[in-house]
Amino acid sequence: ARAEKGGYAHFMLKEIHEQPQALRDTLRGRLSPDGRRVTLPEVGLTPEEVRRLRKVALVACGTASHAGLVGRYLIERLAGIPVEWDVASEYRYRDPMLGPDSLFVAISQSGETADTLAALREARAKGAKVLAIVNVVGSSIAREADWALHTWAGPEIAVASTKAYTTQLVAVTLLAVWLGQAAGRLDEDGAARILAALRDLPAQAEQVLAQEAEVQRVASDLARHDDVFFIGRGLDYAVALEGQLKLKEISYIHAEAYPAGELKHGTLALITKGVPVVALSTQPALAPKTLSNIQEVRARGAAVIAVALEGDEQVPRHADTVFTIPRTDPLVAPALAVIPLQLLAYYAAVLRGHDVDRPRNLAKSVTVE
Ligand code: G6P
């Protein structure tokens, strides 16, 4: 059984370690040789149509929805197009306003999630242009969209999604740069900075994976707790959502992600002595404010596990443990910041004795609404 898992104890651990390769595969052929443009021949919008877009809607479930939230920040920032973000199961209840000037983007690993497919059909019926970011070639979502932008994560077996998520992050980043260039909002120097960061991403992911033993040690502490909080601002909040989902899914530890600035409006009441708080601080522009939130929870006795940039001098002074990620473009940081959180959830689940690859009550692909 270990053989089919490439020598790893579980598919999830194997898939976590496959991320550098999956990221490379998803980038392959999509950056121009001079590194200044993105080429996505699979997306059939003309530059004229991109300039006419009045909105982008990003819709997905579970982990894929967390990739969508990152996409929202990136597309608004780089392409200047307003973005709506919804979980697919709620989407139709809003009677969403979509038309020929909308780009609807469904994100899905399996391409078979019923809620996402239903949202996609609604978008088509309303005349929106429909793009699927999907891992499984030939899946329903890939077939029913106008265009499919594939992630090349390879087969993902573990129920808890890991390499599909990080490749979805690459896909939404490529899409955001592509839209920004087509819309005439992002110049080649600006694109080149982000694309250089993407090119470095696989090797940097290897560096983050090298902290595995340290993460495992922290997980043995974490596994003893029943409530864990995740905080961050901006893109770090999006990653916090994914980190808490990973922990819940497989370790069955109650976990909650909160925008760091929103803590004081309720959740702070739950922060007492010894409560673990995973704090993400990978966005330099937001670091001072996040730092004050870290101090706030620390002052109430929280045990702070931080994810920070290499060379950050402030966060380590206020955290009990720090996992670091290499310096990169802030827009690309989520794909690195999530890795310690995936490992943390994995080891906490193993220590609690759970069936990591097949958590109770959950399915890999949910084909009922
Ligand atoms: C299930 C899986 C999750 C996944 C979600 C969306 O809940 O357990 O890991 O994120 O479905 O799946 P999809 O295949 O559409 O990305």
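Notes on the structure follow. (Residues numbered from 1 in each chain as written. Predicted model: local features only at pLDDT ≥ 70, side-chain atom pairs only at ≥ 80, totals over all residues.)

### Examining the overall build of the chain
Within the chain one finds 14 helices and ten strands. Against the 2.2 N^0.38 benchmark of 21 Å for 369 residues, the chain shows a C-alpha radius of gyration of 20 Å, consistent with a compact globule. On the principal axes, the C-alpha backbone points of the chain span a range of 55 × 45 × 40 Å. Restricting the contact set of the chain to residue pairs at least 6 apart, pairs at least 24 apart contribute 74%. (Helix = DSSP H or I, 4+ residues; strand = E, 2+ residues; numbered from the N terminus. Rg over C-alpha atoms; globule rule 2.2 N^0.38 Å. Contact = placed C-beta atoms within 7 Å.)

### Remarks on the site of the ligand
The immediate surroundings of the ligand are formed by 16 residues, with Gly62, Thr63, Ser108, Ser110 and Thr113 found nearest. Element by element, the count of residues in the shell around the ligand is highest for helix α4 (residues 62–79), at three residues. A per-class count over the shell around the ligand returns six nonpolar, nine polar and one charged. (Near = placed C-beta within 6 Å. Nonpolar A, V, L, I, M, F, W, Y, C, P; charged D, E, K, R; others polar.)

### Some details on the pairing of strand β4 (residues 129–134)
By the criterion of burial, β4 is predominantly enclosed, with six of the six residues buried. Across the two faces of β4 the burial is the same, with Lys129, Leu131 and Ile133 and Val130, Ala132 and Val134 all buried. Two strands pair when backbone bridges link them, and strand β3 (residues 102–108) and β4 are joined in this way by six bridges, in the parallel orientation. The residue of β4 that forms the bridge with Leu103 is Lys129. Since β3 and β4 lie parallel, the crossover through helix α6 (residues 114–125) that links them has a hand, and here it is right-handed. One ladder, built from four bridges, connects β4 with strand β5 (residues 147–150); its direction is parallel. Pairing of Ile133 across the sheet is with Leu149, part of β5. (Buried ≥ 20, exposed ≤ 12 C-beta atoms within 10 Å, placed from the backbone. Pairing = 2+ DSSP bridges. Right-handed = clockwise from strand over helix to strand, strands pointing away.)

### Let's talk about the sheet that holds strand β6 (residues 227–232)
Ordered in space as β7-β6-β8-β9-β10, the five strands form an open sheet in which the pairing is parallel. The sheet is open, and its two borders are formed by β7 (254–259) and β10 (321–325), each paired with just one other strand. For this sheet the average axis-to-axis angle between neighbouring strands, irrespective of direction, equals 20 degrees. Where helix α11 (residues 235–251) meets the sheet, its contacts fall on β6, β7 and β8 (276–281), and the angle it forms with β7 comes to roughly 175 degrees. Packing against the sheet, helix α12 (residues 287–299) makes contact with β6, β8 and β9 (303–309), and its axis sits at approximately 170 degrees to β8. (Axes fitted to C-alpha atoms, helices over the stretch in contact; angles between N-to-C directions.)

### Some words on the nonpolar core
As a rule of thumb, nonpolar side chains are buried together in soluble globular proteins. With 140 residues, the main nonpolar core has Phe104 and Ala106 as its most contacted residues. The greatest single-element share of this core, amounting to 14 residues, is contributed by helix α14 (residues 334–351). Discounting residues that sit within four places of it in the chain, Phe104 has contacts with Ala57, Val59, Leu98, Leu120, Ala123, Ala128, Lys129 and Val130. (Core = buried A, V, L, I, M, F, W, Y, C linked by C-beta atoms within 7 Å.)

### Describing the sheet that holds β3
Pairing within the open sheet is parallel, and its five strands lie in the order β2-β1-β3-β4-β5. Where the open sheet ends on each side, the last strands, each with one partner, are β2 (83–87) and β5. Taken over all neighbouring pairs, the strand axes of this sheet differ in orientation by 20 degrees on average, direction set aside. The pairing of strand β1 (residues 55–60) with β2 spans five bridges and is parallel. The partner of Leu58 across the bridge, within β2, is Trp85. Those strands touched by α4 are β1, β2 and β3, and its axis lies near 165 degrees from that of β1.

### Describing the packing of helix α2 (residues 19–27) against helix α8 (residues 163–182)
Between α2 and α8, the shortest axis-to-axis distance is 9 Å and the interhelical angle comes to 30 degrees. Considered as vectors, α2 and α8 are oriented roughly parallel to each other. Handedness of the crossing formed by α2 with α8: right-handed. Residue-level contacts link Gln19, Ala22, Leu23, Thr26 and Leu27 of α2 to Lys163, Thr166, Thr167, Val170 and Ala171 of α8. Residues of the contact of α2 with α8, tallied by class, amount to five nonpolar, four polar and one charged. (Parallel < 35°, antiparallel > 145°, perpendicular 65-115°, else oblique. Left-handed = near helix turned anticlockwise from the far one by under 90°.)

### Quick word on the environment of Leu27
Among the structural elements, Leu27 can be located in helix α2. Classification of Leu27 as buried rests on a count of 21 C-beta atoms within 10 Å. The contact partners of Leu27, leaving out residues within four places of it in the chain, are Val170 and Leu198.

### Considerations on unusual backbone geometry
One non-glycine residue with positive phi stands out, namely Tyr252, at about 60 degrees. Here Asn361, not a glycine, exhibits a phi torsion of approximately 70 degrees, which is positive. Residue placement: Asn361 occurs in the segment after α14.

### Looking at the packing of helix α10 (residues 212–222) against α14
Running from N to C, α10 and α14 cross one another at 50 degrees; their axes reach a closest spacing of 8 Å. For the element pair α10 / α14, the angle class is oblique. Helix-helix and strand crossings are classified by hand; for α10 and α14 the assignment is right-handed. Here α10 contributes Glu212, Val215, Gln216, Val218, Ala219, Ser220 and Leu222 to the contact with α14, which in turn contributes Pro340, Leu343, Leu344, Tyr347, Ala348 and Leu351. Here the contact of α10 with α14 is composed, by residue class, of ten nonpolar, two polar and one charged.

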